[in-house]
Amino acid sequence: MKTGYEKIYERPDTLLSTRMHYCPGCMHAIVHKLIAELIDEMKLQEKTVGVCPVGCSVFAYDYIDIDWQEAAHGRAAALATAIKRMLPDRLVFSYQGDGDLAAIGTAETIHACNRGEQFTFIFINNAIYGMTGGQMAPTTLEGMKTTTSPYGRLAKTAGMPLKMCELVSQFDGVAFAQRVSCNNPANVRRTKKAIQRAFEIQQQGLGTTFVEVVSNCPSNWKCTPEVSLQKVKEEMLPYFPLGVYKEPRS
Amino acid sequence: MLKEMIFSGFGGQGVLSMGKLLAYAAMKEGKEVSWMPSYGPEMRGGTANCMVNISDRQISSPIVTEYDVVVVLNQPSLDKFESRVKKGGTLIWESTTIKNGPTRDDIHVVPLPAIDKATNELKNVKVMNMLVLGALVKLEPVVNRESLITALKDTLPKRYHNLIPLNEEAIEMGMSLVKDN
Amino acid sequence: MGDIKFMKGNEALAEAAIRAGMQGYFGYPITPQSEVVEYLALQEPKHDFVLVQAESEVASINMVYGAAGAGARTMTTTSSPGFSLMQEGMSYIACAELPCVVVNVVRGGPGLGTIQPGQGDYFQAVKGGGHGDYRLIVLAPNSVQEMADHTMLAFDLADQYRNPVLILSDGAIGQIMEKVELPDPVTTKIEKPWASTGKTPDRPRNVITSLYIKPEDMEQKNIELQAKYRKIEASEVRFEEYLLDDAEVVIMAYGVTSRICKKVVDLGREKGVKMGLLRPITLWPFPVERVAQLAAQERVRMFVTAEMNAGQMVEDVRLAANGRKPVYSTGRMGGILPTPEEILDFSLQHMK
Ligand SMILES: Cc1ncc(C[n+]2csc(CCOP(=O)(O)OP(=O)(O)O)c2C)c(N)n1
Ligand code: SF4
Ligand SMILES: [Mg+2]
């Protein structure tokens, strides 16, 4: 039927039409969409196994139409390690928040990276525990108020926020590490490219791939989505600089 | 006497605080009370509720599935809780924003244009919950009006005490908008 | 009258811990208990306890080990999946005989489960949970008031017996707000000469350990632990009774379910059925003797246990009733509270 309109965008096939539970303006939803687009474009649906964390994205399996395993809080990297070792020709990724990947799951994260496990970490760093209602995360910025740091994070007792991209890029096992954000359209495109590179490098078997997305949490940052993007730019990005931290040796 | 009630609406409409205030006021009158909020990701996407029980005796179950009084401030809440009003119970619904009203005829149905009245007459939509509370205690005298005002004084931080007269006005207006049960 | 407040169960527990003289709190957020650490974080500047948000429950419980070993009054709080992670630490703490308070605000399981209230961790709480032969003193509050009272009691029992005390609460009791009369702050400090605080010339070194590499030593340690457990069984059983004097049907329940069962008893009596409630307050030690006494009475026809699980405490009731009377189990799973009517119908059916 001719409508006079040209279709320039549609929902990726692997992105299910289920209504997402994410709060308005939350970047989890954008990253889900990017993953689904890539799975479509790279024709990976039959080859991919994802691992969900415990965090706001615990229901990712309701939104992206691929096989998934749901891990215990913090254990996604252990599951992903084993899935990839059992099914070496599949594409395996874990999708984890900062509490999951960098607090309770730090040991699994570090050791998977050190062993050079051939899967992709997609790390959503929103500097807070979203799911449980806004407690301090390992990546919460200094001075930032959360329900467990009501007077602001104190570096003296809580340490400085963990810089995971910098940290994991130290390991020989890690082939690729990049920090991105989705705070504007250009950065959304970069995020997609970064995840695509990570998937490709995984397929080449070069080592662990790690994409950190500097994200937001309007609900627990107690601000509008718009203000949250401003905060990403003005507060998060100066401390968590974007860029490629590790590339495969050519 | 045991009244089992639920208050439900969007987060930000003050449903949790109106339930808390009512429970607190009843406690001050020497009654047994319980207040139980919905919690967890269920609240994401907006809808929050709290169950309030007021009784002369120890409250047996803080969580119940059928209510004597249901107060709903948005459409999803009405859709969810209309069927859970006990036969003969009371359903108060916010009639400015809820488009599809209740359909049951075996309960006492009370439409209340609380958002409209609070916005246009009281010039502050934030006291909409107090207006609803006023209507509620007129229909179901679980606590008296004075206890509500005292409760406000006890629970509001000092810096907001200048708002007490407005809250009082909202309670009055709510009471005047409904007839006795 | 003391200090009367309208508080959440989790907040009352946190406030009571401060008043009990808690010196160190270590915890990791999890619904439905996060209000404990959030409340403590707000109060921290006004008091002199130490609060650390740990990186996991594994770390929390081992911080508790360290703090308790250093002689401090210490506590951690969590909910079901977190308590599972703590089991290794619980076993070490029990063997090293370290006094501490651990709180599990139970949600529905197994697995990641639901965040709604549950009682599925009963076995884990009263039968050990970790490896080896050990026991926790287990308290089961059923109101906001008891969240506060049991916290005070838990710190005292822990110190008295040098044993971990578990408060087994549930999401309903943790989240609900009720009236609570707050206990007076504790001012006395208990001497802990066994703690690792720095060796002075007047005493041998204090070593906090659970390692007994020689089987003879390990057996001896076990004998001592068991002797302590017998002592606790003899002196610390606590329970509440409601209309049991002439009861033909004995309902048994703990935590939030016990409140529902009080109503069951009332409803049953309205129908002319003589019902009564036996509510264990300590789940370990269990009121074995009281159950046995009731089972031996001719007028008692049967026991009905109501739990928010597939039937766990029922096994302890059956052991105690020892075949003398039938013991039936009812309840709901998955984070759903049974209604009084459900429990009553179930009981009436089994009377036929
Ligand atoms: C063993 C265990 N401890 C704690 C929790 C509670 N919990 C659920 S999600 C979460 C943190 C979520 O934060 P993050 O990983 O940053 O994800 P976000 O929600 O911010 O995306 C916690 C502590 C749990 N489910 N299991
Ligand atoms: S709580 Fe935060 S992280 Fe979770 S869905 Fe809402 S905005 Fe996103
Ligand atoms: Mg996070």
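If you're wondering where the values come from, they're calculated on a predicted model, not measured in any experiment.

Caption draft 1: View of the overall build of chain C. When its secondary structure is counted, chain C shows 13 helices and 14 strands. Taking 352 residues into account, the globule formula puts the C-alpha radius of gyration at 20 Å, and chain C, at 21 Å, falls close to it. Referenced to the eigenvectors of the C-alpha coordinate spread, the extents of chain C come out at roughly 70 × 50 × 40 Å. Of all 352 residues assigned to chain C, the portion counted as buried reaches 61%. A separation of at least 24 residues holds for 79% of the contacts in chain C among residues at least 6 apart in sequence. Surface accessibility of chain C: about 13600 Å² in total, with carbon and sulfur atoms responsible for 52%. The distance from the centre of the 36 positive side-chain charges to the centre of the 44 negative ones in chain C is 3 Å.

Caption draft 2: How the structure looks around the coordination of the magnesium ion (ligand 3). All names here are of chain A. Listed as protein donors to the magnesium ion (ligand 3) are Asp 98 (OD), Asn 126 (OD1) and Ile 128 (O); their distances from the metal cover 2.1 to 2.6 Å. Written as a sequence motif, the donor residues of the magnesium ion (ligand 3) are D-x27-N-x1-I. You can call Ile 128 buried: its relative accessible area is 3%.

Caption draft 3: Layout of unusual backbone geometry. For the peptide bond that leads from Thr 31 of chain C to Pro 32 of chain C, omega is 5°, which places it in the cis range. Along the chain, the position of Pro 32 of chain C falls in the loop between strand S2 (24-27) and helix H2 (35-43). Despite not being glycine, Ala 127 of chain A shows a phi value in the positive range, around 60°. Relative to the helices and strands, Ala 127 of chain A is located in the loop between strand S4 (120-125) and strand S5 (128-129).

Caption draft 4: How the structure looks around the site of ligand 2. Near ligand 2 lie 12 residues; those nearest to it are Cys 23, Cys 26, Cys 56, Asn 126 and Cys 217 of chain A. The residues that come close to ligand 2 belong to more than one chain, namely chains A and B. Top element by residues in the shell around ligand 2 is helix H8 (residues 218-221) of chain A. It accounts for 3 residues. Taken together, the residues of the shell around ligand 2 sort by class into 6 nonpolar, 5 polar and 1 charged.

Caption draft 5: View of the environment of Arg 73 of chain C. Residue and element names in this part refer to chain C. Among the secondary structure elements, Arg 73 is positioned in the loop between helix H3 (57-69) and strand S4 (74-78). Taking relative accessible area as the criterion, Arg 73 reaches 8% and is therefore assigned buried. Taking the C-alpha atoms as reference points, Arg 73 and Pro 99, 26 residues apart in sequence, are found 7.6 Å from one another. Not counting the four nearest positions on each side in its chain, Arg 73 is found in contact with Ala 20, Gly 21, Met 22, Gln 23, Gly 24, Phe 155, Asp 156, Asp 159, Ile 190 and Lys 192. At 2.8 Å, the side chain of Arg 73 and the side chain of Asp 159 are in polar contact.

Caption draft 6: Broad picture of the site of ligand 1. The immediate surroundings of ligand 1 are formed by 25 residues, with Cys 56, Asp 98, Asp 100 and Gly 130 of chain A together with Glu 57 of chain C found nearest. Close to ligand 1, residues of chains A and C are found. A distance of 2.9 Å is found between an oxygen atom of ligand 1 and a side-chain nitrogen or oxygen belonging to Asp 98 of chain A. For ligand 1, whose free accessible area comes to 590 Å², the fraction covered by protein is 97%. Where the shell around ligand 1 is concerned, the elements lending two or more residues are helix H3 (98-104) and S5 of chain A together with helix H4 (80-85) of chain C. Among the elements that line the shell around ligand 1, the one with the most residues is H3 of chain A, at 4 residues. Residues that form the shell around ligand 1 fall into these classes: 12 nonpolar, 9 polar and 4 charged.

Caption draft 7: Structural view of the domain arrangement of chain C. Residues and elements named next belong to chain C. What the domain assignment reports for chain C is domain 1 (3-235) and domain 2 (239-351). The centre of domain 1, based on its C-alpha atoms, is set 28 Å off from the matching centre of domain 2. With 32 residues of domain 1 at the interface, the matching set in domain 2 holds 26 residues. Note on domain 1 versus domain 2: buried area summed over both sides is about 2300 Å², and carbon and sulfur give 55% of it. Between the two partners, domain 1 and domain 2, sit 3 salt bridges. Ionic pairing is found between Lys 127 and Asp 316, a salt bridge with its closest N-O pair at 2.6 Å. Here the residues of the side of domain 1 that touches domain 2 sort into 16 nonpolar, 9 polar and 7 charged.

Caption draft 8: The nonpolar core, seen in detail. All names here are of chain C. Grouped together as the largest cluster of nonpolar side chains are 128 residues, with contacts concentrated most on Leu 40, Met 75, Val 138, Ile 251, Met 252, Val 291 and Phe 303. Take this core: its biggest share by element is 9 residues, from helix H7 (residues 144-161). Looking at which domains feed residues into this core, each of domain 1 (3-235) and domain 2 (239-351) gives three or more. Ignoring any residue separated from it by four or fewer positions in sequence, one finds Val 291 in contact with Met 252, Leu 278, Phe 286, Phe 303, Val 317, Ala 320 and Ala 321.

Caption draft 9: A look at the packing of aromatic side chains. Taken as a whole and assessed by the stated rule, the structure comprises 14 aromatic pairs over all chains. Measuring from ring centre to ring centre gives 6.4 Å for Phe 59 of chain A and Tyr 61 of chain A, while their planes differ by 85°; the resulting arrangement is edge-to-face. Residue Tyr 61 of chain A is classed as partly exposed on the basis of its relative accessible area of 34%. Taken together, a centroid distance of 5.5 Å and an interplanar angle of 35° make the contact between Tyr 122 of chain C and Tyr 254 of chain C tilted. Linking Tyr 122 of chain C in helix H6 (residues 122-126) with Tyr 254 of chain C in the loop between strand S10 (249-252) and helix H10 (255-270), this pair joins segments that are 132 residues apart in sequence. Tyr 254 of chain C matches Tyr 122 of chain C in its accessibility class, with the two residues each being buried.

Caption draft 10: Main features of the state of the cysteines. Residue and element names in this part refer to chain C. Tallied over the full model, the rule gives 0 disulfides over all chains. Distance from the sulfur of Cys 100, which forms no disulfide, to the nearest cysteine sulfur (Cys 95) is 13 Å. Among the residues examined, Cys 100 registers a relative accessible area of 1% and is labelled buried.

Caption draft 11: Fine view of the sheet that holds strand S13 (residues 302-307) of chain C. Residues and elements named next belong to chain C. With mixed pairing, the 5 strands of this open sheet are ordered in space as S9-S11-S10-S13-S14. Each edge of the open sheet carries a strand with a single partner, namely strand S9 (239-242) and strand S14 (327-331). With direction set aside, neighbouring strand axes in the sheet form an average angle of 20°. With 4 bridges joining them, S10 and strand S11 (residues 275-280) adopt parallel strand pairing. Paired with Val 250 across the strands is Gly 276, a residue of S11.

Criteria and thresholds
- Residues numbered from 1 in each chain as written.
- Chains lettered and ligands numbered in written order.
- Predicted model: local features only at pLDDT ≥ 70, side-chain atom pairs only at ≥ 80, totals over all residues.
- Heavy atoms only, no water.
- Helix = DSSP H or I, 4+ residues; strand = E, 2+ residues; numbered from the N terminus.
- Rg over C-alpha atoms; globule rule 2.2 N^0.38 Å.
- Buried < 20%, exposed > 50% of the residue type's maximum accessible area, 1.4 Å probe, protein only.
- Contact = heavy atoms within 4.5 Å.
- Areas by Shrake-Rupley, 256 points an atom, 1.4 Å probe, with all protein chains shown as cover.
- Lys, Arg positive; Asp, Glu negative; His and termini not counted.
- Charge placed at Lys NZ, Arg CZ, Asp CG, Glu CD.
- Donors = N, O, S within 2.8 Å, 3.2 Å for Na, K, Ca; no water.
- Near = heavy atom within 4 Å.
- Nonpolar A, V, L, I, M, F, W, Y, C, P; charged D, E, K, R; others polar.
- Polar contact = N/O pair within 3.5 Å; in protein donor to acceptor, adjacent residues only side chain to side chain.
- Domains from an automatic or database assignment.
- Buried area = accessible area lost by both parts, 1.4 Å probe.
- Salt bridge = Lys/Arg side-chain N within 4 Å of Asp/Glu carboxyl O.
- Core = buried A, V, L, I, M, F, W, Y, C linked by side-chain atoms within 4.5 Å.
- Phe/Tyr/Trp six-rings, centres within 6.5 Å; stacked < 30°, edge-to-face > 60°.
- Disulfide = S-S within 2.5 Å.
- Pairing = 2+ DSSP bridges.
- Axes fitted to C-alpha atoms, helices over the stretch in contact; angles between N-to-C directions.

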